[in-house]
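Next come the chains, spelled out residue by residue.
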Amino acid sequence: MLRRLASRCARSLGTRGGARPAAGLRHLGRSPRRRASDAPRNQPPSSEVVARPVGVCSMMRLPLQASPQGLDAAFVGVPLDIGTSNRPGARFGPRRIREESVMLRTTNPSTGALPFQSLSVADLGDVNVNLYNLQDSCRLIREAYQKIVAAGCIPLTLGGDHTITYPILQAIAKKHGPVGLLHVDAHTDTADKALGEKVYHGTPFRRCVDEGLLDRKRVVQIGIRGSAMTLDPYRYSWSQGFRLVLAEDCWMKSLVPLMGEVRQQMGGKPMYISFDIDGLDPAYAPGTGTPEIAGLTPSQALEIIRGCQGLNVVGCDLVEVSPPYDPSVKKINLLLHTLQT
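Because the structure is a prediction, the values reported are computed rather than measured.

Chemist: What is the right way to read helix 8 (residues 256-266) from this model?
Modeler: Helical geometry: 3.6 residues make up each α-helical turn, so side chains three or four residues apart lie on a common side. Taken together, the buried positions of helix 8 are Leu 258, Met 259, Gly 260, Val 262 and Met 266. For helix 8, the elements touching its buried residues are strand 4 (179-184), strand 5 (214-224), strand 6 (243-246), strand 7 (271-276) and helix 9 (298-306). Positive phi appears at Gly 267, one or two residues downstream of helix 8, with a value of about 60°.

Okay, structure coming up:
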């Protein structure tokens, strides 16, 4: 993901401050790019100099910063799971993801990505959610992200259940207008309501459509699968013009051709990436609240994220990581590594 963002800033950075984008990085869109801060950029410390267990637990051991000012992108935790319909525990996702991120380094030899040479990045800590009131939590998230986005900083979110994407997109759309969406998930999350409630982790994208937050012609949902209560569970998504890519249509395939089509569909306009960990098969990522068999593989996950290179990404999230259901925890590293591709 950081490589995606690096490509956003490559043109405006040029050779300022001696920083150069990684070889092979290109911007495929046409919208103007914001200039990165000329201040010295943060770098995760090397384990050859600072022992991995040393220091405050921040994402990739980056500096903690109270304000988004001067940052191109920032990691933000949203430890909320009171919107879940099955197993809770995603409130512990941001903390555990940060713990596991100690293994991430500054470069990706496979792709040539050098994100910290092009971007100023820090960890903004967590949004102070209200674990006793889901609607109030949505307000707190929306207000926090409005400040982040207004500062010109791209939020990289650590969730949290999928409810959080709704208020985040409210803040994103306030600045950018309706955005495209690349949504990786086992579920479409387009239900209307459950137990009489219209906001929970099964409804975020229905609410986003209701409020005009999405450019519906640029919504792609990948990895969808599982049992349903009807024989046409995808009617709503299709009726809105979303492109659905079912998990069974991904089995035993490379997703590189698909992502070529997605890039064309997204064009150079603003888009958001929402990655639910249950999009992956639970054999690889069991730490989630609503696992579904026969999902995507780790290599397919990388193909999806790498396929976003050059797109106008204005935010992203990784949601539904529930550490209590994955004692080994190490599988979280799969998605962490996608942040650098």
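Chemist: Mind showing me how you'd approach the pattern of salt bridges here?
Modeler: Pairs can form between side chains of opposite charge whenever their charged atoms are close. Across all of its chains, the model carries twelve salt bridges by this definition. Linking Arg 207 and Asp 192 is a salt bridge whose minimum nitrogen-to-oxygen distance equals 2.8 Å. Here Arg 207, found in helix 6 (residues 204-210), pairs with Asp 192, found in the loop between strand 4 and helix 6; they are 15 residues apart in sequence, far enough to count as distant. For Arg 207, a relative accessible area of 6% corresponds to the buried category. With relative accessibility at 27%, the residue Asp 192 sits in the partly exposed group. Between Glu 261 and Arg 243 there is a salt bridge, with its nearest N and O atoms 2.7 Å apart. Pair noted here: Glu 261 is in helix 8 and Arg 243 is in strand 6, with a separation of 18 residues, a long-range link.

Chemist: Help me understand the environment of Arg 139 in this model?
Modeler: Mapped onto the secondary structure, Arg 139 falls in helix 4 (residues 134-150). By relative accessible area, Arg 139 is classed as partly exposed at 30%. Separated by 28 residues in the primary sequence, Arg 139 and Pro 167 place their C-alpha atoms 7.1 Å from one another.

Chemist: Explanation requested: the nonpolar core in the structure shown.
Modeler: Here is a general trend for soluble globular proteins: nonpolar side chains tend to be buried in one another's company. Among the nonpolar cores identified, the biggest contains 41 residues, and Val 78, Ile 141, Tyr 145, Leu 169, Ile 172 and Leu 214 are the most heavily contacted of them. Beyond its immediate chain neighbours, meaning those up to four positions away, Leu 214 contacts Leu 169, Pro 178, Val 179, Leu 181, Phe 205, Cys 208, Val 209, Val 219 and Phe 242. Of all hydrophobic cores here, the second largest spans 40 residues; its members include Met 59, Ala 73, Leu 255 and Ile 305.

The rules we used
- Residues numbered from 1 in each chain as written.
- Predicted model: local features only at pLDDT ≥ 70, side-chain atom pairs only at ≥ 80, totals over all residues.
- Heavy atoms only, no water.
- Buried < 20%, exposed > 50% of the residue type's maximum accessible area, 1.4 Å probe, protein only.
- Helix = DSSP H or I, 4+ residues; strand = E, 2+ residues; numbered from the N terminus.
- Contact = heavy atoms within 4.5 Å.
- Salt bridge = Lys/Arg side-chain N within 4 Å of Asp/Glu carboxyl O.
- Core = buried A, V, L, I, M, F, W, Y, C linked by side-chain atoms within 4.5 Å.

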